[in-house]
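Working through the structure, step by step
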Amino acid sequence: MNRKLKGSLTVFIALIMAAVMTLIFTMAECIRAYELQDFSSEFTDMAVESAFSEYNPYLWTNYKILAVDLGYGTDLIGPSIMEQKTTDYCRYNANMEYGSNYARLIPVGCIAKEYTLLTDDYGQGVVYQGVKAAKDNMASQVIDGIQGNINGINGIEKVSVEKEAENGKNTLDNAKRELAEAKERAANDDDPNTNPGDYPEPEEVEDNPLDAFGVMKEAFSKGILSTVVNVEGISDKQFDLNTFPSHRSLNKGTKAVETGNGISDKALFIDYLLTNYSYYGTDKSHAGMKYEIEYLISGKGTDAQALAAVVEELLLIREAANFTTILHSDSMRNQAKSIAAIIAGFTMNEGIVDLVAVAIMAAWAYVESTLDVRLLLAGGHIPLQKSESQWTSDVWHLSACLDVNTKAKECEGTIGYKEYLMGFLALKSNSTLGMRACDVMEYALHSLDDYKNVKCDNMVFAATIEMEYSADEMFLSLFSNETAFTGYTISKEKNISY
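**Points about the overall build of the chain**
Within the chain one finds 14 helices and 4 strands. Relative to its 498 residues, the chain shows a buried fraction of 46%. Counting only contacts in the chain whose residues sit at least 6 apart along the sequence, the fraction spanning at least 24 positions is 79%. Element-wise, carbon and sulfur atoms account for 51% of the exposed surface of the chain, whose accessible area totals about 24,500 Å².

Written out as structure tokens, the structure is:
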């Protein structure tokens with residue numbers, strides 16, 4: 001026999017239950033509101049980081065620079081594509097089918113409130129990332145070593161060695177011309193007391209150092225590289241400087257750039273450049289310039305011109321250092337004076353003989369410097385300041401040094417071409433180096449079909465991204481159809497930088 005169970009609910013209990021349910025639903029909605037904040041932060045982080053994961057792979061692989069091309073392969077300028085991509089990533093993560101959006105949060109849109117481009121503040125983005133990259137792999141003692149090399153190279157006082165040699169040579173040539181004219185007058189006048197034989201004949205040495213200097217100087221004027229390297233192996237790449245970031249009007253970002261201009265930052269940035277950019281004698285297979293470091297130093301429009309400009313700087317430093325070595329060596333000075341006494345003795349003018357002696361010393365220093373540069377470009381090493389025992393050329397036979405294959409003696413424990421490049425880079429401001437680094441990278445990118453439209457002043461490496469979300473209420477409407485609450489609007493910001 002079935003019995004029916006009867007139940008009843010008093011009005012008092014019903015009122016209590018309504019109050020309890022209202023409390024429960026209100027608490028549930030409060031918890032959901034808290035979760036919406038948590039979800040919005042999570043979705044924003046994932047979306048922005050996903051967008052910034054699309055950095056240019058070529059720049060990272062070859063130059064250790066992280067930046068997103070805002071054009072994404074097109075010529076579109078500005079952050080609109082990145083904003084749309086970030087929104088799409090966020091919607092994917094918020095989709096119930098693909099993501100984990102149990103709170104029913106809807107991404108509405110994205111805006112890049114602030115962003116920084118690689119070229120902002122004269123390429124400080126490159127400087128910042130370069131210093132950061134170098135810091136990860138460099139100890140303080142290495143920084144000190146770099147700074148020591150820079151100070152040593154740039155501490156050499158440059159003197160006008162070539163001018164000294166030319167002045168002495170011109171003085172001697174003028175004296176010879178005046179002697180020839182005097183002899184001619186003596187031969188043609190009617191004065192029996194004057195005779196051409198009364199004038200001394202100029203003497204010569206087997207290999208006049210000033211003549212060797214003149215031959216080498218003339219060769220330099222025709223093409224400086226042909227006197228120090230085999231020009232057949234020199235790159236012939238040319239660039240249109242007017243298209244480079246350092247020469248054109250640039251797009252500007254809206255976010256301030258973090259900069260560092262301390263001595264250690266300078267050393268770190270130089271190390272970064274020498275590690276990641278190509279220069280003469282390296283085998284980095286970059287698509288762009290062959291001598292990138294030389295371009296950073298000179299800013300010239302061809303590889304050959306950039307290398308030639310650095311070679312000229314090398315010669316100036318080596319000439320000054322070698323001239324100082326001669327001046328401090330009694331033996332070397334005496335050799336120069338002996339030759340001067342022979343070839344200028346006919347003047348019987350001690351002042352002219354001394355001037356010619358200085359010219360011979362300058363010519364000697366010039367030729368020795370050429371041998372030094374040849375050795376440096378071949379990968380060899382020389383001291384900042386040579387001793388007499390480290391000397392290569394013989395002042396009595398300087399013509400033997402005209403052959404491009406003749407080099408200075410290798411000296412162990414000294415510095416090479418890379419260390420000299422350190423010194424030259426140190427003389428340039430971070431602004432100049434930063435912008436020229438952008439030139440180098442953009443030229444390399446444009447050498448590849450996939451990156452023809454990429455511009456360094458449209459590449460972002462830091463940004464403040466704001467995401468907008470909306471959400472409906474879920475629990476409050478269960479007990480009221482006339483609630484004034486219409487839903488949630490949430491904004492989240494994320495600062496991101498490589």
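**Some words on a nonpolar patch on the surface**
Side chains of F12, I13, I16, M17, V20, M21 and I24 sit close together on the surface and give an oily, nonpolar patch of about 600 Å² of accessible area. Topologically, F12 is positioned in helix α1 (residues 11-52). Residue classification places F12 among the exposed residues on the basis of a relative accessible area of 57%.

**Here we look at the layout of surface pockets**
The computed volume of the largest pocket comes to approximately 160 Å³. Lining the largest pocket are E162, K217, F220, S221, I224, E312, L315, L316, E319 and Y366. For the lining of the largest pocket, the secondary-structure elements that each account for two or more residues are α7 (209-222) and α10 (303-327). No other element matches α10, which puts 4 residues into the lining of the largest pocket. Considered class by class, the residues forming the lining of the largest pocket number 5 nonpolar, 1 polar and 4 charged.

**What about the nonpolar core?**
Counting 133 residues, the largest nonpolar core has Y63, Y277, I293 and Y417 as the members making the most contacts within it. With 18 residues, helix α12 (residues 350-377) is the single largest residue contributor to this core. Y277 has contacts with Y63, V126, Y272, K284, H286, E292, I293, L296, A437, V440 and M441, leaving out every residue within four places of it along the chain.

**Topic: the packing of helix α11 (residues 330-344) against α12**
Relative placement of two packed helices is described by the angle separating their axes and the distance separating the axes. In the contact formed by α11 and α12, the axes pass within 8 Å of each other and the chain directions differ by 125°. Compared by their axis directions, α11 and α12 come out oblique. When you trace α11 past α12, the crossing you get is right-handed. Residues M332, R333, Q335, A336, K337, I339, A340, A341, I343 and A344 of α11 touch α12, and the partners they reach there are V353, V356, A357, I360, M361 and W364. Each residue belonging to the contact of α11 with α12 can be placed in one class, and the counts come to 13 nonpolar, 1 polar and 2 charged.

**Looking at the environment of A321**
When you line up the elements, A321 lands in helix α10. Classification of A321 as buried rests on a relative accessible area of 1%. Taking the C-alpha atoms as reference, A321 lies 9.6 Å from P383; in sequence the two are 62 residues apart.

**Describing helix α6 (residues 161-188)**
Between its first and last C-alpha atoms α6 spans 41 Å; for 28 residues at 1.5 Å apiece the expected length is 40 Å, and the two agree. Among all positions of α6, only V161, E162, A165, G168, L172, A175, L179, A182, K183 and A186 are buried. Packed against the buried residues of α6 are α7, α10, α11 and α12.

**With respect to the pattern of salt bridges**
The full count for this structure, using the stated rule, is 14 salt bridges. Notably, a salt bridge pairs K494 with D45, separated by 3.5 Å at the nearest N-O pair. On the criterion of sequence distance, the pair formed by K494 in strand β4 (residues 488-497) and D45 in helix α1 is long-range, its members being 449 residues apart. A salt bridge links R333 to D330, with the shortest nitrogen-to-oxygen separation between them at 2.6 Å.

**Focus: the packing of aromatic side chains**
Overall, the coordinates contain 17 aromatic pairs when judged by the stated rule. Its guanidinium or amino end placed over the ring of W60, K64 lies 5.4 Å from that ring's centre, counting from NZ or CZ.

**Quick notes on the side chain of E442**
In this fold, E442 is placed in helix α14 (residues 430-446). Residue classification places E442 among the buried residues on the basis of a relative accessible area of 2%. Among the polar contacts made by the side chain of E442, one reaches the main-chain amide nitrogen of C456 at a distance of 2.8 Å. For E442, the contacting residues outside a window of four places in its chain are T243, P245, R248, V454, K455 and C456.

**A word on unusual backbone geometry**
Positioned with a positive phi, Y72 is a non-glycine residue whose angle comes to about 50°. Residue placement: Y72 occurs in the loop between β1 (68-69) and α3 (80-94). Relative accessible area serves as the criterion here: at 23%, Y72 is assigned to the partly exposed category. Not every positive phi belongs to a glycine, and D121 is a case in point at roughly 55°. Along the chain, D121 falls in helix α4 (residues 120-135). Exposure remark for D121: the relative accessible area of 42% places this residue in the partly exposed category.

Scoring rules and cut-offs
- Residues numbered from 1 in each chain as written.
- Predicted model: local features only at pLDDT ≥ 70, side-chain atom pairs only at ≥ 80, totals over all residues.
- Heavy atoms only, no water.
- Helix = DSSP H or I, 4+ residues; strand = E, 2+ residues; numbered from the N terminus.
- Buried < 20%, exposed > 50% of the residue type's maximum accessible area, 1.4 Å probe, protein only.
- Contact = heavy atoms within 4.5 Å.
- Areas by Shrake-Rupley, 256 points an atom, 1.4 Å probe, with all protein chains shown as cover.
- Patch = residues over 30% accessible without salt bridge, like charges linked within 9 Å, V, L, I, M, F, W, Y side chains within 5 Å.
- Salt bridge = Lys/Arg side-chain N within 4 Å of Asp/Glu carboxyl O.
- 1 Å grid on protein atoms, 1.4 Å probe; cavity = no way out; pocket = protein on both sides within 12 Å on 5 of 7 lines; lining within 4 Å.
- Points joined across faces, edges and corners; volume = space filled by probe spheres on them.
- Nonpolar A, V, L, I, M, F, W, Y, C, P; charged D, E, K, R; others polar.
- Core = buried A, V, L, I, M, F, W, Y, C linked by side-chain atoms within 4.5 Å.
- Axes fitted to C-alpha atoms, helices over the stretch in contact; angles between N-to-C directions.
- Parallel < 35°, antiparallel > 145°, perpendicular 65-115°, else oblique.
- Left-handed = near helix turned anticlockwise from the far one by under 90°.
- Expected span 1.5 Å × (residues − 1).
- Phe/Tyr/Trp six-rings, centres within 6.5 Å; stacked < 30°, edge-to-face > 60°.
- Lys NZ or Arg CZ within 6 Å of the ring centre and 35° of its normal.
- Polar contact = N/O pair within 3.5 Å; in protein donor to acceptor, adjacent residues only side chain to side chain.

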